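So the chains spell out like this:
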Amino acid sequence: MSEFYAGPMATGENLFSHQDARNLLRHGGMRPDRDWLQFDCALSYGLVEFLRTLDVMEQFGWSPARCIPHGGHQMSLNIAAGLGLGGNASYPDLFQPYGGFPDGVEVIDGHITMPELPGIGERVAQIVSDA
């Protein structure tokens, strides 16, 4: 498709392992200078496998900033914030009680500030710093 369409494309929400990501980046025609990868952290077997996927992305010349996790839940939100990814898909009214944003967080000009609260975000930071 990329040979016919010059604009940015996004995909990856139905790929669940670093092997799937490697095959996409090897054979899918995705372009690291303009396309977006949308792997779902929770469906991708959690943080450990997602970190393996980020390693594969790096091997193929992709920046973590080109990754915007799919899913719309707070697990992906915290992983995106903790790892400095390019953003996060959000569906504020779905997947409750885990969807949307933490209580009291406001969206301002398309951005949020993550609160300093105990929970998954703190754990993500701990795992990443231990890696």
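This text goes with the structure placed above it.
Right, let's walk through the structure included here. (Residues numbered from 1 in each chain as written. Predicted model: local features only at pLDDT ≥ 70, side-chain atom pairs only at ≥ 80, totals over all residues. Heavy atoms only, no water.)

When you go through the chain residue by residue, the secondary structure sums to four helices and two strands. Ordered by position from N to C terminus, the α and β elements of the chain give β-α-β-α-α-α. Going through the 131 residues of the chain one by one, you find that 35% of them count as buried. Counted over contacts in the chain with a minimum sequence separation of 6, partners at least 24 positions apart contribute 61%. (Helix = DSSP H or I, 4+ residues; strand = E, 2+ residues; numbered from the N terminus. Buried < 20%, exposed > 50% of the residue type's maximum accessible area, 1.4 Å probe, protein only. Contact = heavy atoms within 4.5 Å.)

It is possible for side chains bearing opposite charge to pair when their charged atoms get close. One pass over the full model with this rule turns up three salt bridges. Here Asp-33 and Arg-34 are joined by a salt bridge, their closest N and O atoms 3.0 Å apart. Judged by its relative accessible area of 52%, Asp-33 is exposed. Take Arg-34: its relative accessible area is 29%, and that puts it in the partly exposed class. (Salt bridge = Lys/Arg side-chain N within 4 Å of Asp/Glu carboxyl O.)

Think of an α-helix as 3.6 residues a turn; residues three or four steps apart then line up on the same face. Given a rise of 1.5 Å per residue, 14 residues ought to cover 20 Å, and the 20 Å separating the end C-alpha atoms of helix α2 (residues 46–59) matches this to within 8%. Looking only at α2, the buried set comprises Gly-46, Leu-47, Glu-49, Phe-50, Thr-53, Leu-54, Val-56 and Met-57. Buried residues of α2, viewed axially, fall in a sector of 165 degrees; they line one side. Exposed and facing more than 90 degrees away from the buried side of α2 are Glu-58 and Gln-59. Phi for Gly-61, located one or two positions after α2, is positive at around 85 degrees. (Expected span 1.5 Å × (residues − 1). Arc of directions from axis to C-beta.)

Quick look at the packing of helix α1 (residues 18–27) against α2 now. In the contact formed by α1 and α2, the axes pass within 8 Å of each other and the chain directions differ by 20 degrees. Between α1 and α2, the crossing angle belongs to the class labelled roughly parallel. The chirality of how α1 crosses α2 is right-handed. Only Glu-49, Arg-52, Thr-53, Val-56 and Met-57 of α2 make contact with α1, whose side of the interface consists of His-18, Gln-19, Ala-21, Arg-22 and Leu-25. Here the residues of the contact of α1 with α2 are counted per class, giving four nonpolar, three polar and three charged. (Axes fitted to C-alpha atoms, helices over the stretch in contact; angles between N-to-C directions. Parallel < 35°, antiparallel > 145°, perpendicular 65-115°, else oblique. Left-handed = near helix turned anticlockwise from the far one by under 90°. Nonpolar A, V, L, I, M, F, W, Y, C, P; charged D, E, K, R; others polar.)

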